[in-house]
Amino acid sequence: MEPRHSAGAEPVLRLDGITITFGDLVANDDISFDLSKGEIVALLGENGAGKTTLMNILFGHYVADTGTVEAFGTRLPPGDPAAALQAGIGMVHQHFTLADQLTVLENIILGTESLFAPGQQRRAAREKIRRLSADFGLEVDTDALISDLSVGERQRVEILKALYRDVRILILDEPTAVLTPSETEALFRTLKKLVEKGLSIIFISHKLYEVLAISDRILVLRGGRLAGTLQSAGTNRAELAALMVGDKVEETEFTSGSPGGTVFCLKNITTLHRPGRPALQDVSLDLRAGEITGLAGVSGNGQATLSAIIEGRETPQQGGIEIEGMSVRQWSPRAALGRNIGRIPEDRHAIGMIDDMNIVENVISEAYASPRFARYGILDMKAGRAFAEEIIRDYDVKCPSPDIRARLLSGGNMQKLILGRALDGDPGIILANQPTRGLDIGAVSYVHKRLIEARDRGAAILLISEDLDEVRALSDRIVVISKGRLSEPSGRGELSVRELGELMAGHGFADEGSHAA
Amino acid sequence: MRLEAKKAPGLAQAILYPAGAIFATLVIASVLVTLAGASPFDVFYLVLKGAAGSQFAIIETLTRATPLIFTGLAVAVAFRAKLWNIGAEAQLYVGGVVTVVLGTGTLQLPAAILMPVIIACVLLGGALLLLGPAFLKIRFGVDEVVTTLLLNFIVLLFVSMLLEGVLKDPMGLGWPQSKRVIAEAQLPRLITGKRLHFGFVLALAAAFITWFIMKKSVLGYEMRAVGHNPEAAGFAGIPVRKVLIKTALLSGGLAALAGYSEVAGLKGNLTLDLSPGFGYTGIVVAMLAMLNPLGVVASAIFIAGIFVGADAMSRATGVPSYIAQVMVATALLTMVTAIMLSRYRIRWR
């Protein structure tokens with residue numbers, strides 16, 4: 001048996017034998033643990049390991065097949081989110097649940113009082129929020145609109161929202177995914193203060209160094225099972241990684257590329273600001289044959305717009321695109337495909353695949369009108385099927401048949417199909433936007449291997465990723481994006497994590513301020 | 001309560017789900033029949049007998065099904081691409097107007113030339129009518145449900161104006177009706193002396209051609225892709241707007257054929273009561289067929305049977321024939337539920 005936590009106090013939360021299945025998938029398999037007062041427990045695991053499912057059970061969003069949840073000695077009725085809230089359990093979701101057009105104060109008190117609250121109550125609420133933010137270092141302007149706040153500030157509002165409801169147990173789901181390194185440090189300081197005051201925290205993450213830095217105890221989930229429980233003080237990254245992944249990790253072998261000439265070029269691109277998407281400001285970027293250029297940055301700093309432009313879904317308001325030295329006039333997804341750009345989009349379900357169409361229909365979608373798949377306006381489904389079978393074989397896609405709907409595939413298998421479709425015909429330019437998000441380790445290293453192979457046969461690759469480790473592991477050259485601006489490219493290993501973090505936070509841009517007007 | 005995606009329904013299920021929906025409809029209708037003071041079994045038996053119990057009944061049902069096949073196809077095509085064409089009624093009337101404008105002696109041509117010319121112009125007329133809403137949707141994001149629905153009233157009033165004005169038959173004793181189409185423009189009867197006409201054959205051909213387009217052609221693939229996920233379709237290089245325009249043209253043309261076939265095949269002239277809501281009923285027909293063009297034929301005959309049978313039943317029992325309207329409307333609701341159940345499994349937890 002793994003060592004239990006040291007404190008002898010009665011646990012504030014106890015999960016016992018939680019099991020839940022979705023169809024054939026065992027999402028949580030007999031998971032038990034407890035949480036003590038003033039403790040930070042990290043829930044570590046790959047995407048798909050069952051972390052979020054477990055928390056959804058704890059919260060009453062899902063009902064476990066078997067197992068019980070106890071908070072402060074009383075059993076929580078399954079499937080009743082209100083009971084979890086009542087028991088003092090609060091959660092800060094990865095994707096914030098704030099109303100953009102309301103103020104911080106309104107968001108925090110939303111749902112806790114009647115709509116027609118007299119001013120007296122508002123004042124009391126304001127006072128309570130002021131006290132909470134002073135106590136825990138969560139400074140934020142209570143009268144600011146959410147839409148005007150930075151991501152880090154929004155997260156503070158989420159935490160305040162939970163504290164305002166007097167939570168005793170706080171769950172944070174991947175809280176650092178959207179934060180810069182310095183914002184992360186501030187968050188950690190706050191969390192330490194919270195546990196000093198007697199709160200208990202569950203911290204969900206897949207980043208090893210973070211869970212080591214913040215938690216007292218680490219629960220490692222793997223494939224829905226509890227792979228191990230470790231005291232943070234007595235473990236290290238290697239041990240955690242081994243537990244998390246199970247069998248030995250096959251690190252992607254990186255060999256430097258041999259860059260050739262520039263094949264793709266963005267010249268002084270500027271876009272209009274739209275809600276939720278920062279504008280690109282005078283962005284220029286060269287992609288060279290046989291080279292992986294990594295684009296690092298915190299989510300929401302213009303990556304989506306940049307990616308949409310390269311994919312052909314958007315045309316910049318100013319600036320131009322040059323391919324092989326020729327300026328591009330007509331730009332569309334079809335034009336991008338015609339210029340031999342292989343595209344791996346960020347969101348598999350929203351734009352990468354048509355979930356309700358079958359595998360054959362999905363793999364031919366970028367070339368359905370070509371003579372290869374159609375003649376006289378009639379589709380040649382035999383050719384389509386052969387192509388699907390080829391991808392399924394070459395990319396090791398696990399599926400019962402090419403006739404099933406894409407919706408029924410796992411994320412990794414769906415990504416392999418997209419990869420097969422994008423890399424078909426050996427594209428000279430490849431855009432890979434978050435190509436490994438949500439994939440298990442095996443699939444990640446597979447995708448990495450394929451990208452490096454493509455580079456070695458001369459493709460120019462732009463790798464966009466919010467995972468700095470991935471960018472550093474795979475790129476010949478790194479560019480950082482922050483608030484719609486690009487940093488100067490740096491060579492592989494030239495900048496430290498710290499220095500890249502500074503750039504991601506928006507410091508040290510050569511043209512800082514000059515484009516404010 | 002949660003919804004879980006299921007595997008694509010097989011052929012057995014594609015039949016099972018509509019059957020279940022129809023059964024549920026009958027159960028619900030029987031409550032109303034009981035309230036009306038009749039025995040549900042008697043009533044349903046009489047409906048069935050009235051719809052298929054004799055040669056006359058069968059011919060009447062197929063005649064009634066003919067316009068429903070066209071409007072059902074129009075809706076099925078549009079809905080497949082998530083273009084919500086609620087305006088088949090208006091497109092039907094445009095088809096009728098074009099038929100009488102060209103077919104009442106304006107063009108003096110042999111039948112072999114006149115008929116294709118009229119059909120081409122009817123297709124064009126219906127297509128152009130839906131082009132407006134499609135353009136507004138694509139260009140300005142105007143909801144086509146609203147525009148196509150409202151166009152129904154506009155077109156009906158417009159037809160009323162025409163029938164009181166330029167299209168009014170001078171020999172019509174003052175009734176708002178058009179002149180009769182000339183012999184060369186008439187669709188022949190399939191059986192001499194019976195009402196079933198060549199329009200039914202055209203409808204079957206249209207169903208087969210539409211099925212072929214949807215299932216086998218590049219256009220059909222594009223329409224399905226756009227219908228399932230326009231974002232992803234656009235990403236893959238499918239010209240979403242062009243596809244929507246093509247869908248609108250096809251759908252509007254098919255609906256207009258309903259008006260053509262009613263005027264040239266059955267009525268002989270255009271009146272304001274050309275359609276007792278065939279355009280709206282087409283929505284039920286298409287949904288019941290799960291948007292499958294071949295299924296549309298079966299569901300159109302089924303729905304037509306309910307209407308025809310209910311008329312006969314009503315004469316025998318005194319239960320109002322409005323029960324048919326209730327059944328058709330209920331069938332839409334149960335079918336929509338069945339379609340959802342065919343794609344998702346409900347987990348009560």
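Residues numbered from 1 in each chain as written. Chains lettered and ligands numbered in written order. Predicted model: local features only at pLDDT ≥ 70, side-chain atom pairs only at ≥ 80, totals over all residues. Heavy atoms only, no water.

**Quick notes on helix α7 (residues 199–216) of chain B**
Residues and elements named next belong to chain B. Keep this limit in mind: Runs of H or I in DSSP of at least four residues are treated as helices and runs of E of at least two as strands, each being numbered from the N terminus. Expected span of a helix, by definition, is 1.5 Å for each gap between consecutive residues, and there is one gap fewer than residues. Each residue gets one of three labels from its accessible area relative to the maximum for its type: buried under 20%, exposed over 50%, partly exposed in between, using a 1.4 Å probe on protein chains only. This arc describes the spread of directions from the helix axis toward the C-beta atoms. Any two residues whose heavy atoms approach within 4.5 Å are treated as being in contact.
With 18 residues, α7 ought to run about 26 Å at 1.5 Å a step, and its terminal C-alpha atoms sit 25 Å apart, in line with that. Among the residues of α7, those classed as buried are Gly 199, Phe 200, Ala 203, Ala 206, Ala 207, Thr 210, Ile 213 and Met 214. Buried residues of α7 fall within an arc of 140° about the axis and therefore sit on the same side. Looking at the buried positions of α7, the neighbouring elements they touch are α3 (55–80), α8 (218–228), α10 (240–267) and α12 (293–317).

**Quick look at the nonpolar core**
Counted only if it meets this: What we call a nonpolar core is a set of buried Ala, Val, Leu, Ile, Met, Phe, Trp, Tyr and Cys residues that are connected through their side-chain atoms within 4.5 Å. Domain extents, as shown, originate in an automatic or database domain assignment.
Of all hydrophobic cores here, the largest spans 149 residues; its most connected members are Leu451(A) and Leu270(B). With 13 residues, α3(B) is the largest single contributor of residues to this core. When we break this core down by domain, the ones giving at least three residues each are domain 2 (253–340 + 428–517) and domain 3 (347–424) of chain A. Ignoring sequence-local partners within four residues, the contact set of Leu451(A) consists of Ile292(A), Ile344(A), Ile430(A), Ala432(A), Pro435(A), Ile461(A), Leu463(A) and Leu474(A). Counting residues in each nonpolar core, the second largest holds 45 residues, with Val92(A), Val140(A), Val157(A) and Leu163(A) among its members.

**Remarks on the pattern of salt bridges**
Residues and elements named next belong to chain A. Operational definition: What counts as a salt bridge is simple: a side-chain nitrogen of Lys or Arg found within 4 Å of a carboxyl oxygen of Asp or Glu.
Applying the stated rule across the entire model yields 30 salt bridges over all chains. For Asp 394, the salt bridge identified is with Arg 393, shortest N-O distance 3.9 Å. Judged by its relative accessible area of 60%, Arg 393 is exposed. The residue Asp 456 makes a salt bridge to Arg 455 at a minimum N-O spacing of 3.0 Å. On the basis of relative accessibility, which here comes to 1%, the residue Arg 455 falls in the buried class. Residues participating in the shared-partner salt-bridge network are Arg 288, Glu 291 and Arg 477.

**Quick look at the interface of chain B and chain A**
For the record, the criterion: Accessible area that two parts lose when put together, with a 1.4 Å probe and added across both, is what the buried area reports. Nitrogen and oxygen atoms within 3.5 Å of one another constitute a polar contact, given that in protein one can donate a hydrogen and the other can accept it, and given that sequence-neighbouring residues count only through two side-chain atoms.
Taken together, the contacts link 29 residues of chain B with 34 residues of chain A. At the boundary of chain B with chain A, total buried surface from both sides reaches about 2,600 Å², with 61% on carbon and sulfur atoms. Among the salt bridges present, the one from Glu361(A) reaches Arg224(B), with a minimum N-O distance of 2.3 Å. Viewed at the interface, chain A and chain B are joined by 9 residue pairs in polar contact (both at pLDDT 80 or more). For the side of chain B that touches chain A, the elements supplying multiple residues, two or more each, are β1 (2–5), α7, α8, α9 (230–235) and β2 (344–347) of chain B. For the side of chain B that touches chain A, the element with the most residues is α8(B), which contributes 6 residues.

**A look at the packing of aromatic side chains**
For any pair of aromatic rings, geometry is given as the distance between the ring centres together with the angle between the planes. As a reminder of what qualifies: Pairing of aromatic rings covers Phe, Tyr and Trp, the last counted by its six-membered ring, and requires centre-to-centre distances within 6.5 Å; plane angles under 30 degrees mean stacked, over 60 mean edge-to-face, and any other angle means tilted. Cation placement over rings: the criterion is NZ of Lys or CZ of Arg within 6 Å of the ring centroid and within 35° of the ring normal.
The full count for this structure, using the stated rule, is 7 aromatic pairs over all chains. Consider the rings of Tyr395(A) and Tyr446(A), whose centres lie 6.4 Å apart with planes at 70°: the pair is edge-to-face. Of this pair, Tyr395(A) sits in the loop between α13 (381–394) and α14 (411–423) while Tyr446(A) sits in helix α15 (residues 441–456); the two residues are 51 residues apart in sequence, bridging distant segments of the chain. For Arg343(A), the ring lying beneath its charged end belongs to Phe235(B), and the centroid distance is 3.9 Å. Note that Arg139(B) overlies the ring of Phe140(B), its terminal NZ or CZ placed 5.5 Å from the centroid.

**What about the side chain of Asp355(A)?**
Residues and elements named next belong to chain A. Heads up, the rule is: Here Asp and Glu are counted as negative and Lys and Arg as positive; His is not counted, and neither are the chain ends.
For Asp 355, the location among the structural elements is in the loop between α11 (348–352) and α12 (359–363). The buried charged residue Asp 355 lacks any salt bridge, with Arg 407 as its nearest oppositely charged partner at 4.2 Å. Here His 349 takes part through its side chain, which lies 3.1 Å from a polar atom of the side chain of Asp 355. Excluding residues that lie within four positions of it along the chain, Asp 355 makes contacts with His 349, Arg 405, Ala 406, Arg 407 and Met 414.

**Here's the deal with the sheet that holds strand β12 (residues 283–288) of chain A**
Residue and element names in this part refer to chain A. The following threshold applies: Two strands pair if DSSP finds at least two bridges between them. With axes taken as lines fitted to C-alpha atoms, and helix axes fitted only over the stretch in contact, angles between N-to-C directions fall between 0 and 180 degrees.
What the 4 strands build is an open sheet, ordered β12-β11-β14-β15; its pairing is antiparallel. The open sheet terminates on both sides in strands that have one partner only, identified here as β12 and β15 (326–327). The pairing of strand β11 (residues 262–270) with β12 spans 5 bridges and is classified as antiparallel. Across the sheet, Phe 264 pairs through a bridge with Leu 287, a residue of β12. The strands touched by helix α9 (residues 303–311) within the sheet are β11, β12 and β14 (318–323), with β11 carrying the most contacts at an inclination of about 130°.

**Describing the sheet that holds strand β6 (residues 89–92) of chain A**
All names here are of chain A. Overall, mixed pairing links the 6 strands, which are arranged β6-β7-β8-β3-β9-β10 in an open sheet. Unpaired on one side and paired on the other, β6 and β10 (225–231) mark the two borders of the sheet. Taken pair by pair, the neighbouring strands of this sheet meet at an average axis angle of 20°, ignoring direction.

**Considerations on the domain arrangement of chain A**
Residues and elements named next belong to chain A. Here chain A is partitioned into domain 1 (97–165), domain 2 (253–340 + 428–517) and domain 3 (347–424). The centre of domain 2, based on its C-alpha atoms, is set 26 Å off from the matching centre of domain 3. The partner domain 3 presents 14 residues to the 14 residues of domain 2 that form the contact. Of the roughly 1,100 Å² buried at the junction of domain 2 and domain 3 (both faces included), carbon and sulfur atoms supply 63%.

**A look at unusual backbone geometry**
Backbone geometry places Phe72(A), a non-glycine residue, at a positive phi of 50°. Looking at the element boundaries, Phe72(A) is found in the loop between β4 (66–71) and β5 (74–75). The phi torsion at Met290(B) lies on the positive side, around 50°, for a residue other than glycine. Within the secondary structure, Met290(B) sits in the loop between α11 (278–288) and α12.

**A look at the environment of Pro435(A)**
Residues and elements named next belong to chain A. Summarising the element assignment, Pro 435 is placed in the loop between β19 (429–433) and α15. Classification of Pro 435 by relative accessible area gives buried; the value is 0%. Taking the C-alpha atoms as reference, Pro 435 lies 30 Å from Asp 380; in sequence the two are 55 residues apart. In contact with Pro 435, other than residues within four places in its own chain, are Ile 344, Gln 415, Val 447, Leu 451, Leu 463, Ile 464 and Glu 470.

**Describing the pairing of strand β1 (residues 13–22) of chain A**
Residue and element names in this part refer to chain A. Most of β1 sits inside the fold, with 7 of its 10 residues counted as buried. The pairing of β1 with β4 spans 5 bridges and is classified as antiparallel. Across the sheet, residue Thr 19 finds its bridge partner in β4, namely Thr 66.

**Remarks on the confidence of the model for chain A**
All names here are of chain A. Cut-off, in case you're wondering: Values of pLDDT, ranging from 0 to 100, describe the predictor's confidence in every residue of the model.
Mean pLDDT over chain A stands at 84; residues scoring 70 or higher make up 91%. Per-residue pLDDT, averaged within each element of chain A, yields its smallest value for helix α8 (residues 237–245) (75) and its largest for α12 (94). Here residues 512–517 scores under 50 on pLDDT; set against residues more than four positions off or in separate chains, the count is 4 contacts.

**Some points on the side chain of Thr104(B)**
Tracing the sequence through the fold places Thr104(B) in the loop between α4 (88–103) and α5 (111–140). Residues within four places of Thr104(B) in sequence aside, it is in contact with Thr99(B), Lys179(B), Arg180(B), Val181(B) and Ile182(B).

**Notes on α3(B)**
All names here are of chain B. Going by this rule: To get the bend at any residue, fit one axis to the seven residues that end at it and another to the seven that begin at it, then take the angle between the two axes.
Between its first and last C-alpha atoms α3 spans 35 Å; for 26 residues at 1.5 Å apiece the expected length is 38 Å, and the two agree. At Thr 66, α3 is bent by approximately 30°, the largest bend along its length, and proline Pro 67 sits one to four residues beyond. The buried fraction of α3 is high, at 21 of 26 residues. The first or second residue beyond α3 is Lys 82, which carries a positive phi of 55°.

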